[in-house]
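# Summary of the model geometry
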Amino acid sequence: MKIATYNVNGINGRLPVLLRWLADAQPDVVCLQELKAPQEKFPEKAIRNLGYDAIWQGQKSWNGVAILSRVGQIHETRRGLPGDPDDSHSRYIEAAVNGILIGGLYLPNGNPKPGPKFDYKLRWFDRLIAHAGELLATGQPVMLAGDFNVMPTDLDVYKPERWLDDALFAPEARAAYFRLLDQGWIDALRTLHPDEVIYTFWDYFRNAFGRNAGLRIDHLLLSPPLAERLVDAQVDVAVRGWEKSSDHAPVWIELADGKKAPGRPKSRRRVTGTLD
DNA sequence: ATGCCTAATGCAATTAGA
């Protein structure tokens, strides 16, 4: 089963690119972020025509998250994180699909730092960590996928020294990311490619993609039972070079079938350890 | 410190992104 996350940066402005990528890449489940569309403007028909069911939480102008599936029903379990009834941003949607619980998220950017936006980012992160801990404690196959707006380590930034004061690379944001990871989540891309320079975002400015001046901020985190099934993890970098592309590229993982033969577990890759 | 670019809103210029 192939599961992807893609910050589309406007689902209607991006629709031709999204549909082309879905047809090319054939992901089974997709988490989308930054729909930038109100609930009623989600292009459900175009997506359904490619064989995908969808749930989404829209919002006028900003944010917005969705989960698509072509491998069976989407059993929605929640939208919005617990812990702040006044939070009006559409940044979290969660569903069980094909035996996996998937939390699709768009973590706040947090710039400028310091300021109320950075405070909101850290508070939102705390709420995510609290909820993620409960999900992990179930022992079930669980995944958190989306735009975390955090580069975990120096390896994930083209010029780390220039980003130290930025909300995406600030010590507080990275510490929160590792607090989350230390619950027991496995960063799929980094686990399969421990030393590789991998980016998922390139600014529209300054020919950033052409210069490969990128950031790794879109992540797929797996609970231990899911990590055992991890067989591949990649970024569809070429999509970032398409006409009218998002500033993010799609990121995906391939999971082995969950049904194991009795007494014959599949071979296991390294799934433990943190990154720094 | 700011522009560089892009999307949404809504029809100009502002907000937000990262």
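Keep in mind that what you see is a predicted model, and the values were worked out from it rather than measured.

Quick notes on the rules
- Residues numbered from 1 in each chain as written.
- Chains lettered and ligands numbered in written order.
- Predicted model: local features only at pLDDT ≥ 70, side-chain atom pairs only at ≥ 80, totals over all residues.
- Heavy atoms only, no water.
- UniProt positions renumbered as here; feature names shortened; annotations may be inferred.
- Helix = DSSP H or I, 4+ residues; strand = E, 2+ residues; numbered from the N terminus.
- Buried < 20%, exposed > 50% of the residue type's maximum accessible area, 1.4 Å probe, protein only.
- Contact = heavy atoms within 4.5 Å.
- Polar contact = N/O pair within 3.5 Å; in protein donor to acceptor, adjacent residues only side chain to side chain.
- Salt bridge = Lys/Arg side-chain N within 4 Å of Asp/Glu carboxyl O.

### A few points about the UniProt feature "site: Transition state stabilizer" (unreviewed entry) in chain A
- Under the UniProt annotation, "site: Transition state stabilizer" (unreviewed entry) lies at Asn149.
- Summarising the element assignment, Asn149 is placed in the loop between β8 (142-147) and α4 (171-181).
- Assessed through its relative accessible area of 5%, Asn149 is described here as buried.
- Other than its neighbours up to four places away in sequence, Asn149 contacts Tyr106, Leu107, Pro108, Asn109, Lys121, Ala167, Leu168 and Ile217.
- Within polar-contact distance, the side chain of Asn149 engages the backbone oxygen of Leu107 at 2.8 Å.

### A closer look at the pattern of salt bridges
- Scanning the entire structure with this criterion turns up 11 salt bridges.
- The shortest N-O distance in the salt bridge between Arg70 and Asp28 comes to 3.0 Å. In this pair, Arg70 sits in the loop between β4 (65-69) and β5 (74-79) while Asp28 sits in the loop between α1 (15-25) and β2 (29-33), placing the two residues 42 residues apart along the sequence.
- Judged by its relative accessible area of 34%, Arg70 is partly exposed.
- Relative accessible area serves as the criterion here: at 12%, Asp28 is assigned to the buried category.
- Between Asp187 and Arg216 there is a salt bridge, with the nearest N and O atoms lying 3.0 Å from each other. Of this pair, Asp187 sits in strand β9 (residues 186-187) while Arg216 sits in the loop between β11 (214-215) and β12 (218-222), placing them 29 residues apart in sequence.

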